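Fold and geometry: a report
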Amino acid sequence: MTTPPPQGNPYAQGQQQPQGQNPFAQGQPGFPQQAGQPGFPPQGAPVPPEQPRRKIGFKTIKNIVIVVVLAGAAIGAFISSRDDANTAAVGDCMHRGSTSDDNPDLEVVDCNSSDAQYEVLAKIDGSFLSDTLASSKCEAEARDFQYVYTQSGDGKDFLLCLKDHKK
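So, a few notes on the structure that sits alongside this text. This structure is a prediction, so every number in the text was calculated from the model and none was measured.

Further remarks concern the packing of aromatic side chains. The final tally for this structure, using the stated rule, is two aromatic pairs. Between the aromatic rings of Y149 and F158, the centroid separation amounts to 6.4 Å while the plane-to-plane angle is 50°, which identifies the pairing as tilted. The burial state of Y149 is the same as that of F158; both residues are buried. Here K123 stacks its cationic end above the ring of F158, 4.8 Å away from the centre of that ring.

It is worth spelling out the pairing of strand β1 (residues 93-96) at this point. Each regular strand carries side chains that alternate between the two faces of the sheet. With four bridges joining them, β1 and strand β2 (residues 106-109) adopt antiparallel strand pairing. Paired with C93 across the bridge in β2 is V109. Here two bridges tie β1 to strand β3 (residues 118-125), and the two strands are oriented antiparallel to one another. Within the sheet, the bridge partner assigned to M94 lies in β3 and is Y118.

Moving on, we get to the state of the cysteines. By definition, a disulfide links two cysteine residues through a covalent bond between their sulfur atoms. Applying the stated criterion to the full structure yields two disulfides. If the cysteines joined by disulfides in the protein are listed in sequence order, their pairing comes out as 1-2, 3-4.

Glancing now at the sheet that holds β1. What links the strands of a sheet is backbone hydrogen bonding, and the strands pair in either a parallel or an antiparallel sense. What the five strands build is an open sheet, ordered β2-β1-β3-β5-β4; its pairing is antiparallel. One side of each edge strand has no neighbouring strand; the edge strands of this open sheet are β2 and β4 (147-151). When the angles between neighbouring strand axes are averaged without regard to direction, this sheet yields 40°. Across seven bridges, the pairing between β3 and strand β5 (residues 158-164) is antiparallel. By the bridge assignment for β5, D125 is matched with F158. Against the sheet, helix α2 (residues 131-141) makes contact with β3, β4 and β5, and its axis sits at roughly 65° relative to β5, the strand it touches most.

Here we come to the environment of F128. Mapped onto the elements of the fold, F128 is located in the loop between β3 and α2. F128 gets classed as buried once you look at its relative accessible area, which sits at 13%. Between the C-alpha atoms of F128 and L159, which are 31 residues apart in sequence, the distance is 7.5 Å. Sequence-distant contacts of F128, defined by excluding residues within four places in its chain, comprise L133, A134, K137, T150, F158 and L159.

Of all seven residues in β5, six are buried, a share of seventy percent or more. Pairing geometry for β4 and β5, over five bridges, is antiparallel. Looking across to β5, one finds that Q151 is bridged to F158.

Cut-offs used in this document
- Residues numbered from 1 in each chain as written.
- Predicted model: local features only at pLDDT ≥ 70, side-chain atom pairs only at ≥ 80, totals over all residues.
- Heavy atoms only, no water.
- Phe/Tyr/Trp six-rings, centres within 6.5 Å; stacked < 30°, edge-to-face > 60°.
- Buried < 20%, exposed > 50% of the residue type's maximum accessible area, 1.4 Å probe, protein only.
- Lys NZ or Arg CZ within 6 Å of the ring centre and 35° of its normal.
- Pairing = 2+ DSSP bridges.
- Helix = DSSP H or I, 4+ residues; strand = E, 2+ residues; numbered from the N terminus.
- Disulfide = S-S within 2.5 Å.
- Axes fitted to C-alpha atoms, helices over the stretch in contact; angles between N-to-C directions.
- Contact = heavy atoms within 4.5 Å.

Encoded structure:
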């Protein structure tokens, strides 16, 4: 029976390496492995628990609801303003939504509708400070007009020359 070869560096010439030490770390005492060194998993270290997921708080939900409501209001205002007098063109029919002469709330409607009251004969861009100036502009553009409607202040200033719609 033969004996196994000695453990350690065969060229160490009589020096014995202690068991479990690195035979190539000549002259350096053995250090325990440091946790977190690259390439080596930590020995016996506990695995940290998984971070809890962030819960959505009341403030976050409230802010999302506010944004959605404001966006809905803006979209609704845009859709409802598409039938306002500023979208009218020559040949369109209009309906008066208010009895006030200061704010008649004109809306574009289908000419075949029973709501159609006026027909647009001309639309003139610009600001008209007096009814006399507006009437003279409508006389130049549409001789058989009956009413003038001026809008200024919100957005684009313009003048509509209108007549009664014949059904």
